[in-house]
Amino acid sequence: MKFKFKEVFITGANGWLGRQLIKGLLEKDEDVLEGFNPPRLRIHSLILPHEDGQFLKNFGNSIKIVYGDIRKKKDCIKFLEKSKNSLLVHCAGVIHPKKVNEFYEVNYKGTKKIVETATSSGVKKIVVISSNSPIGCNRNKNNLFNEESEYNPYMNYGKSKRLMEEFLLGKIKKGEDITIIRPPWFYGENMPKRQITFYGMIRDGKFPLVGNGRNIRSKANVKNIVQGILLSSMLPIAKGQIYWIADEKPYTMIEIIETVREVLTNEFNISCKPQKIKLPFIFGQIAQVFDYIIQFFGFYNQKIHVASELNKSIACSIKKAKDQLGYNPKVSLYNGIKESLNKKEINNLL
């Protein structure tokens with residue numbers, strides 16, 4: 001396998017996944033993809049005008065920073081000038097906005113603008129990051145989602161991603177070289193504040209266990225997702241395909257909570273309090289009703305939305321990616337959590 005692109009364009013480059021992708025493209029890391037030797041290339045990064053680009057600036061001349069918004073056609077055109085025969089990795093998206101319409105403006109309409117600009121500009125390969133949400137929640141935790149699973153979007157985020165995927169599938173039918181990647185719950189390096197809050201709640205025994213905790217969740221370390229992106233960009237078989245990209249296996253909610261506790265205790269000598277909050281299964285269903293009502297009126301509440309998912313199974317099979325791409329997730333949950341906690345984040349937890 002050889003990475004054949006000299007120019008790479010990344011939207012959402014300053015986000016959780018975008019930063020890890022840039023590191024994976026510029027720095028050799030066997031935890032990402034064994035035997036991958038980063039070529040000399042130029043990365044063009046699109047970030048929002050208000051964002052701090054210092055992380056990207058640390059890579060010097062290897063990265064060109066463009067400030068813009070995928071919702072604006074002129075910004076898409078500016079970003080993708082001179083992008084012929086290049087690779088576009090579209091990571092930009094909104095997960096926890098203030099208002100529901102932002103899901104559709106960014107995840108659907110913004111994707112349409114950037115992809116249509118890319119195809120008219122001569123971009124050779126496009127990899128788009130989707131989500132588990134267009135497929136929803138597992139009706140039976142023993143039946144994992146695969147690429148043939150039917151759409152059953154969960155709330156407006158899932159609906160916006162479904163519209164995005166359907167648009168992309170239309171472009172694929174016209175012959176465009178597009179690959180859609182569906183990663184579930186992220187974790188890993190360069191995590192946002194909400195993830196530190198999650199670890200802090202577990203440390204304090206305050207993260208709620210809803211139901212019996214045996215519902216299963218697929219998680220995806222950002223390094224594993226980057227491996228999926230790189231393989232999709234290099235292998236011709238990925239043209240027009242959808243892949244679930246996640247860790248080797250799903251985890252129960254109890255396993256996720258206990259693994260965080262073990263890492264904090266064993267690796268960082270942070271004492272964790274016993275689990276204090278255990279709520280009945282119906283609590284998640286009540287939160288789902290409130291989430292639906294709030295979103296019906298055009299608003300969004302992150303805490304209620306997250307609470308609505310705590311009793312649900314959202315898990316996938318990675319068999320297709322393993323069979324077609326040779327995808328082999330290197331990072332385990334324990335090691336991924338350990339590696340993600342740097343000195344600054346540990347200080348926040350002390």
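Not measured: the values here are computed from a predicted model.

Asker: How should the packing of aromatic side chains be read in this particular structure?
Answerer: Centre distance and the angle of the planes are the two values used to describe a pair of aromatic rings. Applying the stated criterion across every chain, the model contains 13 aromatic pairs. Pairing Phe 103 with Tyr 300 gives two aromatic rings, centres 5.5 Å apart and planes at 85°, and the pair type is edge-to-face. Taken together, the residues span a long stretch of sequence, with Phe 103 in helix 4 (residues 101–121) and Tyr 300 in the loop between helix 9 (281–296) and helix 10 (302–309) at a distance of 197 residues. Residue Phe 103 shares its accessibility class with Tyr 300, and that shared class is buried. On the basis of an interplanar angle of 75° and a centroid distance of 4.9 Å, the ring pair of Phe 198 and Phe 207 is categorised as edge-to-face. Exposure class is identical for Phe 198 and Phe 207. Each is buried. An aromatic cluster of three or more residues is present, and its members are Trp 185, Phe 198, Tyr 199 and Phe 207.

Asker: Help me understand helix 7 (residues 222–234), please; the structure alone is not making it clear to me.
Answerer: Residues three or four positions apart in an α-helix share a direction because the helix packs 3.6 residues into each turn. Here helix 7 is 13 residues long and its end C-alpha atoms lie 19 Å apart, about the 18 Å a rise of 1.5 Å per residue gives. Where burial is concerned, most of helix 7 is hidden: 13 out of the 13 residues are buried. The backbone nitrogen of Lys 223 lies 2.8 Å from a side-chain oxygen of the residue at the head of helix 7, namely Asn 221.

Asker: Which parts of the structure should I look at to understand the pairing of strand 6 (residues 178–182)?
Answerer: A regular strand carries its side chains on alternate faces of the sheet. Most of strand 6 is tucked away, with five of its five residues classed as buried. Burial along strand 6 is two-sided: the residues Ile 178, Ile 180 and Arg 182 and Thr 179 and Ile 181 are all buried. As paired elements, strand 5 (residues 125–129) and strand 6 share four bridges and run parallel to each other. Bridge pairing links Val 128 to Ile 180 in strand 6. What joins strand 5 to strand 6 is helix 5 (residues 155–173), and the crossover it makes is right-handed. Strand direction decides the pairing type here: strand 6 and strand 11 (residues 242–244), joined by three bridges, are parallel. For Arg 182, the partnering residue across the bridge sits in strand 11 and is Trp 244.

Asker: Even after reading the chapter, I still don't get the side chain of Asn 156, so can you show me in this structure?
Answerer: Secondary-structure assignment places Asn 156 in helix 5. Judged by relative accessible area, Asn 156 falls into the buried class, the value being 13%. A polar contact is formed between the side chain of Asn 156 and the side chain of Tyr 104, at a distance of 2.5 Å. In this structure the side chain of Asn 156 is engaged in a polar contact, spanning 2.8 Å, whose partner is the side chain of Gln 295. Sequence-distant contacts of Asn 156, defined by excluding residues within four places in its chain, comprise Val 100, Phe 103, Tyr 104 and Gln 295.

Asker: For this particular structure, what's the right way to read helix 1 (residues 16–26)?
Answerer: For helix 1, the tally of buried residues reaches eight of eleven residues, placing the bulk of the element in the interior. Trp 16, Leu 17, Gly 18, Gln 20, Leu 21, Ile 22, Gly 24 and Leu 25 are the residues of helix 1 that are buried.

Asker: Got a minute to help me understand the nonpolar core in this structure?
Answerer: Across soluble globular proteins, nonpolar side chains have a tendency to be buried as a group. The biggest cluster of nonpolar side chains holds 71 residues, and the ones touching the most others in it are Phe 3, Val 8, Ile 10, Leu 25, Ile 229, Leu 230 and Leu 341. Tallying contributions element by element places helix 7 first for this core, with seven residues. Leaving out residues up to four positions away in the same chain, Val 8 has contacts with Phe 3, Leu 25, Leu 41, Arg 42, Ile 43, His 44 and Leu 87. Residues Ala 92, Tyr 104, Met 164 and Phe 167 belong to the second largest nonpolar core, which totals 29 residues.

Asker: How should I be thinking about the side chain of Ser 45 in this particular structure?
Answerer: In this structure, Ser 45 sits in strand 2 (residues 42–47). Residue Ser 45 is classed as buried on the basis of its relative accessible area, which comes to 0%. If we ignore the near neighbours within four places in the chain, the residues touching Ser 45 are Ile 10, Ala 13, Leu 56, Ile 63, Lys 64, Ile 65, Val 66 and Phe 79.

Asker: Quick question: what am I supposed to make of the sheet that holds strand 5 here?
Answerer: Within a sheet, neighbouring strands are paired by backbone hydrogen bonds and run either parallel or antiparallel to one another. Sheet architecture is open: seven strands sit in the order 3-2-1-4-5-6-11, paired in parallel fashion. The sheet is open, and its two borders are formed by strand 3 (63–67) and strand 11, each paired with just one other strand. Along the sheet, successive strands turn relative to each other by an average axial angle of 20°, direction set aside. Set on the sheet, helix 7 makes contact with strand 4 (87–90), strand 5, strand 6 and strand 11; between it and strand 5 the angle comes to about 155°.

Asker: Which parts of the structure should I look at to understand the pattern of salt bridges?
Answerer: Side chains carrying opposite charge are able to pair once their charged atoms draw close together. Scanning the entire structure with this criterion turns up 18 salt bridges. With its nearest N and O atoms 3.0 Å apart, the salt bridge here joins Lys 330 to Glu 34. Within this pair, whereas Lys 330 is found in the loop between helix 11 (319–325) and helix 12 (333–340), its partner Glu 34 is found in the loop between helix 1 and strand 2, the two being separated by 296 residues in sequence. Residue class for Glu 34 comes out exposed when judged on its relative accessible area of 55%. We note a salt bridge from Asp 69 to Arg 71, for which the minimum N-O separation is 2.8 Å. Owing to a relative accessible area of 36%, Arg 71 belongs among the partly exposed residues under this scheme. Counted as one network, the salt bridges with shared partners bring together Lys 23, Asp 29, Asp 31, Glu 189, Lys 223 and Glu 339.

Cut-offs and rules
Residues numbered from 1 in each chain as written. Predicted model: local features only at pLDDT ≥ 70, side-chain atom pairs only at ≥ 80, totals over all residues. Heavy atoms only, no water. Phe/Tyr/Trp six-rings, centres within 6.5 Å; stacked < 30°, edge-to-face > 60°. Helix = DSSP H or I, 4+ residues; strand = E, 2+ residues; numbered from the N terminus. Buried < 20%, exposed > 50% of the residue type's maximum accessible area, 1.4 Å probe, protein only. Expected span 1.5 Å × (residues − 1). Polar contact = N/O pair within 3.5 Å; in protein donor to acceptor, adjacent residues only side chain to side chain. Pairing = 2+ DSSP bridges. Right-handed = clockwise from strand over helix to strand, strands pointing away. Contact = heavy atoms within 4.5 Å. Core = buried A, V, L, I, M, F, W, Y, C linked by side-chain atoms within 4.5 Å. Axes fitted to C-alpha atoms, helices over the stretch in contact; angles between N-to-C directions. Salt bridge = Lys/Arg side-chain N within 4 Å of Asp/Glu carboxyl O.

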